[in-house]
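Fold and geometry: a report
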Amino acid sequence: MSVRSGESWAQLITTFRAGPTAFLLACASDDTFLAELLQDLSSERISEQTRVSMLTLLLEFPTLLCPDPQVGEQVAGSLLANFAQLPHSPKLSWLRRHLLVVVGTVLISTEAFGEGSQASRDYLSLLLHLVSDLNDQRQGPGDRGVRAAACESLRELECCYPGLFSRRLDSLRSMQQQELTPVHQGYTLLYSLALRNAVLLLARRGKGALSELLAGNEGLAWEAVGNAGAVSPASLDRLLLLPTPAETKELKSVLSQLLDGSYLLTPPAQSQLLWHLAQVVCVIRTQSPAIFKAQLVRLFGTAHVALLHASLQLKGLFTDSLFTAEDEAFLLRRLVGMAQHPSLPSPLKLFYLDCLLHFPENRPLGSGSEEGLPVLLTPRLASCLFPSLFNDPGTMLARLNLLSLVCLENQGPEAERGVGYIFEHVLALADTVAGKGGREATGLFFRAAYLFARYFGSRSQLMGELTGTLVGLYRLRCSLAPNLINLLNETQAVLDDPAWPTSLSKALQELTVGMPLLPPWEQELGWHLKLLARVAKESGVPQGSTLGFLQRLVCLAGVGQLGDWYIGQALLSICRNLLQHQPPPAMGCQLAELLQDVSLSYPDVDVQDRARFYYTLLSCLSGDKLGAVLAPGGRLKARTLSSSIMADSENFAAALTVHPAPQPLLLLQLEAPAKPTLVPVPASQLCPADAQEVKAWCRQLLELHSPARLSLTYRLLHTGSSPERLFCLLLRFECSDNFYEPVPDVCVPCLSATHPSPILTLHLQPRYPYPTELAVSALYTTQTGLTYFSQLEPLQVAFPDIFLPLALPVNWDCESRHHLFDTLWSSLCPEGSGDCAESLFCWSTTQQPLGVLVQAHFASYLVAEESGTYKIAIALPPHYHVLLQAQGTQGAARVTIRTDNWKVLPHLSAYLRKVVE
């Protein structure tokens, strides 16, 4: 296999990223591309940057390229061999770092990492050997990046398999103390993570000495690979460890040494180190959290967000055992100041606002999982956070939410002034919407209105003014109906007292039904009907005016001024909500009259049928049955005819829904194609063909005719434990690529265990002669009357499935067939066309003679046989051909191949390898 060039690999990588699955399906086999990639990684003709790009494919798609642990281990071994061959050159440092990371990714992702894996042991030995080169003593500064990558790889293994290095804490600490280069940060984080995991595992086991753990240098704890989920920081409050005073003193020495050198690390690394050590101290109750006290002064004085977050983590873990009341007040003022700092970007300000809403207090009153305000956050302290129209939408809403909580949980004149300011701000946002504000301004106002209603919905005066503002906006812009409907739904869900949503619904109803009906209808009438359909769900709003408005619409429809299908459906949606949510005695007669008028006079037949159905429900069912039929949710039961219309307990809306099948019940099993029965032609009827006939027939075979179709036969089976009858099955097929035309759906009227399984024939129209995969889904109805959707096992269309025999004259003699094959063979000469190609395939015939193999696999395609040479012709839809000349010589066989589509050669070679094996 020749080595590709760098440009070829760059194009191949781009193609792979565009569609990895389709790319691998187009290859001869899944491991062909992987083998070529691993081979070319060791080529010096390819630049370092291109090889790194090749490695990133294994980083991003490890399980796709390595589908099982065996392949993952082989790939890791190949990459380790490649790493060993690379010289220790600073120019190749980038490539060597990526190799280390890729090996770990492949072993972990494919679940090949373990004690029984030779590649895993070699990988760990290599990493430990690299990190043992302290202070660049062996390889010099040029290899420092490789050591940093080795530290990160070890830390990744410890993170995925907690406790893997729990028996090597002493050697890890020794290396961390001796390392003086910038790689010291990697050693520190590796040791802190291993220490955290080891202590948590010791506390979880409940047996063992802390001193033995800290001094351990025995090897690797391979049992951690099988217990990857044994350590969980979420269970810290349930873990407890009480070491002896001597062990506590030794641990304190370790922690102090790590904390004293933490200022040398980057802020994110410091934050991670502090969190690891804090978890250790939280489990070991004999160690006081005061050991972090010296770090708080430095943490309080920094503006880096990672260190501030570390402070909040420590506060949430240790509360008043580490932080005094003065510390808490200072940290709170610091968060308020940072949340409105003009030089900070908006994402950071939003982070600080969220920290205020989840501030870990020394003596929390709640669980801390929901939003809440610290006691020390008063209206005076939060006054600098009041929103303005110049804030971006996210910051404005976050500030509005925070200030609303502050004013809600505090009393006094400052809180009242704050509520007034918030309300004025909401009205100012409404003015921007009234001034033809865009979609962003509209969404911002309605979110602000929701927040105000959520916190101050009990203030009748302010909510009355807000109602007037919303009604005025709708009068100006009817297209705000969806926003108003959403506001009604959301506020009704969060308010304990639904008085304000009911009041707003009533005001909007009065405005809508009083508007004049003027053409063109489509501009505003659709919005009015959507809004009235939502108002119809409010049981506290009288619906007489709504019914009068609808009656006016029906009169207009009767005289031909109105009759659109959409308007009719919207009108009936209002009627449906009235049937479901309003008591029938209150408006039964008026609604029945309206439905009868619609069923008789509305121009659209579909609207008439639906109105007639609603009228039948209203006149035949009681209120309880009517609510059960029209309820949008609920548990489905079997159909019972306790009513002349439908079941008492049936949910009509859900019965018309397609439900996901609880388990797959169907299977398509490929039926073996029937072998053609060849009727031998009597020798007296065989006749020779002259040269002109042979050439004409050859030309006819090679000319482009209408594409040939494939017909594959499957048996539809029921796989359920207790087969039930299925009706109206609709099977849909979807190709995983564009190699085939869309496959038509297949319908099966009934599938029953008492009848033979139906035989289905799929007609495939290939665009290209390649194998493919068909995704299959089924839609069917059960005996209960419910419709289900199920996903079946995909169908594999293999390469030999698309073989078709050539159409040859049956009355030609053997010599004419030889002549026809030779003419076809000459026509497919590679020199004659750019798409034609010739190839050679050889194998040993010690296990199976060539003649037996040809009769077993190619008998239907055999054109002629002469002195041990078999001439085989295969047609590949839509209009391609493959010619084979198979000949056995001295215990071996060779097949010469010619085709008019060179792209099928990898698939043909893979098939021939499978046949001869």
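Refer to the structure presented above.
Keep in mind the model is a prediction, meaning the values are calculated, not measured.

What follows covers the side chain of serine 93. Relative to the helices and strands, serine 93 resides in helix α7 (residues 93-109). Look at serine 93 and you get buried, because its relative accessible area is 6%. Sequence-distant contacts of serine 93, that is, excluding residues within four places in its chain, are made with Glu48, Gly142, Gly145 and Val146.

Moving on to the state of the cysteines. Tallied over the full model, the rule gives zero disulfides. In this model cysteine 698 remains outside any disulfide bridge; the closest cysteine sulfur is found in cysteine 836, 11 Å from its own.

Bringing the sheet that holds strand β6 (residues 759-764) into the picture now. In spatial order, the strands read β2-β3-β6; together these three strands make up an open sheet with antiparallel pairing. Two strands close off the open sheet at either side, each with one partner strand: β2 (666-670) and β6. Direction aside, neighbouring strands of the sheet carry axes that sit 40° apart on average. Two elements, strand β3 (residues 710-718) and β6, share six bridges in a ladder whose sense is antiparallel.

Right, let's talk about the sheet that holds strand β5 (residues 746-751) for a bit. The sheet built from five strands is open, its strands ordered β1-β8-β7-β4-β5 with mixed pairing. In this open sheet, the two edge strands, each paired with only one partner strand, are β1 (658-660) and β5. Adjacent strand axes in the sheet meet at a mean angle of 35°, parallel and antiparallel pairs treated alike. Taken together, the five bridges between strand β4 (residues 726-735) and β5 define a ladder with antiparallel strand orientation. From the neighbouring strand, leucine 730 faces β5, where its bridge partner is cysteine 747.

Core analysis: the biggest nonpolar cluster contains 175 residues, and Phe33, Leu58, Leu79, Leu195, Phe292, Phe445 and Phe452 have the highest contact counts within it. Here this core gets twelve residues from one element, more than from any other, and that element is helix α11 (residues 184-205). One finds Leu666, Leu795, Ile872 and Leu912 within the second-largest nonpolar core, a separate group that totals 60 residues.

In this section: the packing of aromatic side chains. Counted under the stated rule, the structure contains 28 aromatic pairs. Between phenylalanine 23 and phenylalanine 33, the aromatic rings sit 5.0 Å apart at their centres with planes inclined by 75°, giving edge-to-face as the arrangement. Remark: phenylalanine 33 occurs in helix α3 (residues 30-41) and phenylalanine 23 occurs in helix α2 (residues 20-26); sequence separation between them is ten residues. This pair shows no difference in class: phenylalanine 23 is buried, exactly as phenylalanine 33 is. Grouping aromatic residues by their ring pairs yields a cluster made of Trp9, Phe16, Phe23, Phe33 and Phe61.

Further remarks concern the packing of helix α22 (residues 460-476) against helix α24 (residues 499-513). Where α22 contacts α24, the two axes come as close as 10 Å, and the packing angle between them is 35°. Of the two possible hands of crossing, α22 and α24 adopt the one that is right-handed. Contacts between α22 and α24 involve Met463, Leu466, Thr467, Leu470, Val471, Tyr474 and Arg475 from the former and Trp500, Leu504, Ala507, Leu508, Leu511 and Thr512 from the latter. Residues that form the contact of α22 with α24 fall into these classes: ten nonpolar, two polar and one charged.

Okay, helix α4 (residues 48-60) next. With 13 residues, α4 extends 19 Å from end C-alpha to end C-alpha; this agrees with the ideal 18 Å at 1.5 Å per step. Here α4 has its buried residues at Thr50, Arg51, Val52, Met54, Leu55, Thr56, Leu57 and Leu58.

Take the pattern of salt bridges next. The final tally for this structure, using the stated rule, is 18 salt bridges. Aspartate 143 is the salt-bridge partner of arginine 96, the closest N and O atoms lying 2.6 Å from each other. Here the residue arginine 96 occupies a position in helix α7, and aspartate 143 occupies one in the loop between α8 (118-131) and α9 (144-160), the gap between them amounting to 47 residues. For the pair shown, arginine 96 and aspartate 143 are each scored as buried.

Moving on, we come to the environment of glutamine 783. Its place among the elements puts glutamine 783 in the loop between β7 (772-781) and β8 (787-797). Sequence separation between glutamine 783 and arginine 97 is 686 residues, and the spatial gap between their C-alpha atoms is 62 Å.

Relative orientation and spacing of two packed helices are given, respectively, by the angle between their axes and the distance between those axes. It is at 12 Å that the axes of helix α25 (residues 525-535) and helix α26 (residues 544-558) come closest, and there the two elements cross at 145°. As for the relative orientation of α25 and α26, their crossing is left-handed in sense. Residues Leu525, Leu529 and Leu532 of α25 pack against Thr546, Phe549, Leu550 and Leu553 of α26. The residue inventory of the contact of α25 with α26, partitioned by class, reads six nonpolar, one polar and no charged.

The next subject is unusual backbone geometry. The amide bond that connects proline 877 to the next residue, proline 878, takes the cis arrangement and shows omega of 10°. Mapped onto the fold, proline 878 is located in the loop between β12 (869-876) and β13 (880-889). The residue cysteine 728 is not glycine, and still its phi comes out positive at about 50°. The residue cysteine 728 is located in strand β4 in this model.

Here we take up the pairing of β13. Alignment of β12 against β13, held across eight bridges, turns out to be antiparallel. Directly across from isoleucine 874, in β13, lies its bridge partner valine 882. In this sheet, strand β14 (residues 892-899) lies alongside β13 in antiparallel orientation, the contact comprising eight bridges. Bridging from a neighbouring strand, valine 882 pairs with threonine 899 of β14. The antiparallel pairing of β13 with β14 creates a hairpin that spans two residues between the two strands, and glutamine 890 there sits at a positive phi of about 50°.

Quick notes on the rules
Residues numbered from 1 in each chain as written. Predicted model: local features only at pLDDT ≥ 70, side-chain atom pairs only at ≥ 80, totals over all residues. Heavy atoms only, no water. Helix = DSSP H or I, 4+ residues; strand = E, 2+ residues; numbered from the N terminus. Buried < 20%, exposed > 50% of the residue type's maximum accessible area, 1.4 Å probe, protein only. Contact = heavy atoms within 4.5 Å. Disulfide = S-S within 2.5 Å. Pairing = 2+ DSSP bridges. Axes fitted to C-alpha atoms, helices over the stretch in contact; angles between N-to-C directions. Core = buried A, V, L, I, M, F, W, Y, C linked by side-chain atoms within 4.5 Å. Phe/Tyr/Trp six-rings, centres within 6.5 Å; stacked < 30°, edge-to-face > 60°. Left-handed = near helix turned anticlockwise from the far one by under 90°. Nonpolar A, V, L, I, M, F, W, Y, C, P; charged D, E, K, R; others polar. Expected span 1.5 Å × (residues − 1). Salt bridge = Lys/Arg side-chain N within 4 Å of Asp/Glu carboxyl O.

In short, geometric facts, not functional conclusions.
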